[in-house]
Amino acid sequence: MKKALLIIGIVFVVLWSIIPIYWALNISLMYHFEVYSVPAHLFPEHPTLYNYLRSLGFSVFNPFTNRVDPPVGYPIREALINSFVVASMVSLITIAIATPAGYALGRYRTRHSGLLTALLLGSRTLPPVSILIPLYIIGLRYRLLGTTHGITVMHLALVLPLTTWILMGFFSTFPSEIEKAARVDGATRLQAIVRVVIPTALPAIVSAGLLSFLFSYNEYLFSWVFTSGTPAQTIQPTLASMWFMIGEINIMAAATILSLIVPVVISLYFQKYIIQVRLVDPYALAFE
Amino acid sequence: MAQPFPKRKLTDERFAIILLLPLIIALFALNLYPMAYSFWLSLTNTDVSRGISKFIGFINYYNLVFKDPYFWHSLRVSLQFTLEASLLAVALSLTFALILNESFKGRRIIRTIAILPWAFSTYAVASLARYLFARSYGLFSSLYVYLGLSDTPVEVVTSESAIHILALLFAWNYVPLGAFFLLAQLQIIPLDLYNQARIDGASAIRRLKVVTLPFLRRPIAIILLLFTVFSVVETTLIIGFTGGGPGKATQTLTYWAYAKTFMDYEYGYGAAISWFLILIAMALGVLYYYVLNKLKL
């Protein structure tokens, strides 16, 4: 009885997690004529990488129309590269600011740390829409729209409170003995941090950096408002503009699946990490 | 001779402030200043399409609450979405955590699969859902045909069903987070307690109620609040899946603030709507902080 329930449960978990991904994958492997079959085909009859190759900028021969079709007119490759550049800059800058700040908040109780913690939590709870409106106007004024550095700055606004919060949690449980030993041996505070604390905390810092990377890569709202229709366009707004303009939804499906490769790889890394839990606060792991 | 500039001792306090300085500057420039600016904007009638921008005091707020029927409509939609989405996400998180905590062959692989939706962008979730629920090429509309319930594919997303489907999608995106958080909590429950309960002859359901759930009360409260905050401010999912439709059926407060600003170009009014959101989110944030730090659940 219990075993049967468990099996039903496992099947449910797998189907629940897989079906939405499977369905887009299914359509992404079809030629255009098959997409509109009634009822919809559960498996592609003529599985092909045609959509993927065209999305990535290749001309592909279509055996059903006997034509060579040109690459799709959407800068998907460029958008993936843009996303990669922006996300890398966001995670590097975030780590550079959030590591010392998280350390200071986690290690020292100063007069203002309560206020700052509240400010961080407040920033994290802030509805993205409500800072999007003023930041958009500020962006217009300072010519940040349509630029890679502009969207990087906007993502910093969203990611910094989150990452500082994670690292603060980490450093508050981080044993201070090794650091004290280094201080006794004559190291200054800064030397103790650079030589002892950072090397020991490196796995946590790298994880926090990866999370900021994923956050930036996945962010849609600011990316759409700041980069859509410009050379700086990142991958999420590209998917959105394809949906509005493209007739071939099988190509759009391939682009969507391509955009999921980065998240899948990162989640494989975090599967281990999440179970060995360091992150007591689920707040830290949620994405917009 | 006395030193003209005595070197001041670097206290812990000063050292901490130096480390915090970049963050403080960034928070002021990127969060606090925009918020202040947004508040000022909400006191004006700024409308870019009509090219006007004048200080009008609290008129926007007054109009919102007393004149605009869409305000109450959006508030009701937001409330319904938040309730459905967060309760569903919590219930499924708990279910998934209990399943993934059992030991069975292939558990690692199943966990790896179950975590996937967590890493996907909300926009990608909306995209995947559009394929799943589309009328002509969607899985669900064609299932009606496969199951013999209809001759032609059925429109699944209607003005009645859309809000429930959005709640389902929210749950799909956030359940892994909740499930893995609860899973971590399950793993710190001492096994002795289960063995003792078993010796006392407690059934599986009784063990769940007496041993497991008391340990999960606080974590469940945490994820419930968390999901509430996230569903209140959820915008991308609605933009990507329904665009507030069909009609205005899924127009939540967040979506409305977005549409007013970026489609109607009424910046002032949009900012005023967003301030209602900020107040709701702040209240939930305070509640969250309280539950996390003060409440002994």
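Residues numbered from 1 in each chain as written. Chains lettered and ligands numbered in written order. Predicted model: local features only at pLDDT ≥ 70, side-chain atom pairs only at ≥ 80, totals over all residues. Heavy atoms only, no water.

Section: the overall build of chain B
Thinking step 1. When you go through chain B residue by residue, the secondary structure sums to twelve helices and zero strands.
Thinking step 2. Expressed as lengths along the three principal axes of its C-alpha atoms, the size of chain B is roughly 75 × 75 × 35 Å.
Thinking step 3. Of all 297 residues assigned to chain B, the portion counted as buried reaches 55%.
Thinking step 4. Of the contacts formed within chain B by residues at least 6 apart in sequence, a portion of 68% connects residues at least 24 apart.
Thinking step 5. As displayed, chain B offers around 13900 Å² of accessible surface, 66% of which is attributable to carbon and sulfur atoms.
Thinking step 6. When the 24 basic and 14 acidic side-chain charges of chain B are each reduced to a single mean position, those positions are 10 Å apart. (Helix = DSSP H or I, 4+ residues; strand = E, 2+ residues; numbered from the N terminus. Buried < 20%, exposed > 50% of the residue type's maximum accessible area, 1.4 Å probe, protein only. Contact = heavy atoms within 4.5 Å. Areas by Shrake-Rupley, 256 points an atom, 1.4 Å probe, with all protein chains shown as cover. Lys, Arg positive; Asp, Glu negative; His and termini not counted. Charge placed at Lys NZ, Arg CZ, Asp CG, Glu CD.)

As for the interface of chain B and chain A
By a frequent convention, interface size equals the accessible area lost on bringing the separate parts together.
Thinking step 1. Each partner contributes to the interface: chain B provides 92 residues, whereas chain A provides 98 residues.
Thinking step 2. Summed over both sides, the interface between chain B and chain A buries roughly 9100 Å², with carbon and sulfur atoms accounting for 78% of that surface.
Thinking step 3. Summed over the shared surface of chain B and chain A, the number is zero salt bridges.
Thinking step 4. Counting every contact that joins chain B to chain A gives eleven residue pairs in polar contact (both at pLDDT 80 or more).
Thinking step 5. Per-class residue counts for the side of chain B that touches chain A are 67 nonpolar, 18 polar and seven charged. (Buried area = accessible area lost by both parts, 1.4 Å probe. Salt bridge = Lys/Arg side-chain N within 4 Å of Asp/Glu carboxyl O. Polar contact = N/O pair within 3.5 Å; in protein donor to acceptor, adjacent residues only side chain to side chain. Nonpolar A, V, L, I, M, F, W, Y, C, P; charged D, E, K, R; others polar.)

Quick notes on unusual backbone geometry
Thinking step 1. Look at the link from Gly245(B) to Pro246(B): it is a cis peptide, with omega at -5°.
Thinking step 2. The backbone of Arg143(A) sits at a positive phi, close to 55°, despite the residue not being glycine.
Thinking step 3. Of note, Tyr265(B) is a non-glycine position whose phi angle comes to about 60°, a positive value.

Remarks on the packing of aromatic side chains
Thinking step 1. As enumerated under the stated definition, the model contains 40 aromatic pairs over all chains in all.
Thinking step 2. A centroid spacing of 5.4 Å and a plane angle of 85° characterise the contact between Tyr103(A) and Phe171(A), whose relative ring orientation is edge-to-face. Here the residue Tyr103(A) occupies a position in helix α4 (residues 76-107), and Phe171(A) occupies one in helix α7 (residues 148-172), the gap between them amounting to 68 residues.
Thinking step 3. The exposure class of Tyr103(A) is buried, given its relative accessible area of 3%.
Thinking step 4. Between Phe71(B) and Trp72(B) the ring centres are 5.1 Å apart and the planes differ by 80°, which places this aromatic pair in the edge-to-face class. (Phe/Tyr/Trp six-rings, centres within 6.5 Å; stacked < 30°, edge-to-face > 60°.)

Section: the environment of Leu208(B)
All names here are of chain B.
Thinking step 1. Positionally, Leu 208 belongs in helix α9 (residues 204-233).
Thinking step 2. Residue Leu 208 is classed as partly exposed on the basis of its relative accessible area, which comes to 30%.
Thinking step 3. Aside from chain neighbours lying at most four places away, what touches Leu 208 is Leu 98 and Leu 213.

Looking at the confidence of the model for chain A
All names here are of chain A.
Thinking step 1. Confidence along chain A averages 86 in pLDDT terms, with 94% of residues attaining 70 or more.
Thinking step 2. Mean pLDDT across the secondary structure elements of chain A bottoms out at helix α5 (residues 113-125), with 79, and peaks at helix α1 (residues 2-28), with 94.
Thinking step 3. Taken as a whole, residues 282-288 scores under 50 in pLDDT and shows 42 contacts with residues more than four places along the chain or in a different chain. (pLDDT = per-residue confidence, 0-100.)

Focus: the environment of Gln80(B)
Residue and element names in this part refer to chain B.
Thinking step 1. Position of Gln 80 relative to the elements: it lies in helix α3 (residues 69-101).
Thinking step 2. Residue Gln 80 is classed as partly exposed on the basis of its relative accessible area of 27%.
Thinking step 3. When the C-alpha atoms of Gln 80 and Thr 252 are compared, they prove to be 9.3 Å apart, with 172 residues separating the residues in sequence.
Thinking step 4. Non-local contacts of Gln 80, meaning those with residues more than four positions away in its chain, are made with Ile 163 and His 164.

Some remarks on the pattern of salt bridges
Thinking step 1. Summed over the entire model, instances satisfying the criterion amount to six salt bridges over all chains.
Thinking step 2. The partner of Glu179(A) in a salt bridge is Arg107(A), and the shortest N-O contact between them spans 2.9 Å. With Glu179(A) in helix α8 (residues 177-184) and Arg107(A) in helix α4, this residue pair connects regions lying 72 residues apart in the sequence. Accessibility classification places Glu179(A) together with Arg107(A) in one group, the buried group.
Thinking step 3. The closest approach of N and O atoms between Lys260(B) and Asp264(B), which form a salt bridge, is 3.5 Å.
Thinking step 4. Under the relative-accessibility criterion, Asp264(B) is labelled partly exposed at 36%.
Thinking step 5. Among the ionic contacts, a cluster of salt bridges with common partners joins Lys260(B), Asp264(B) and Glu266(B).

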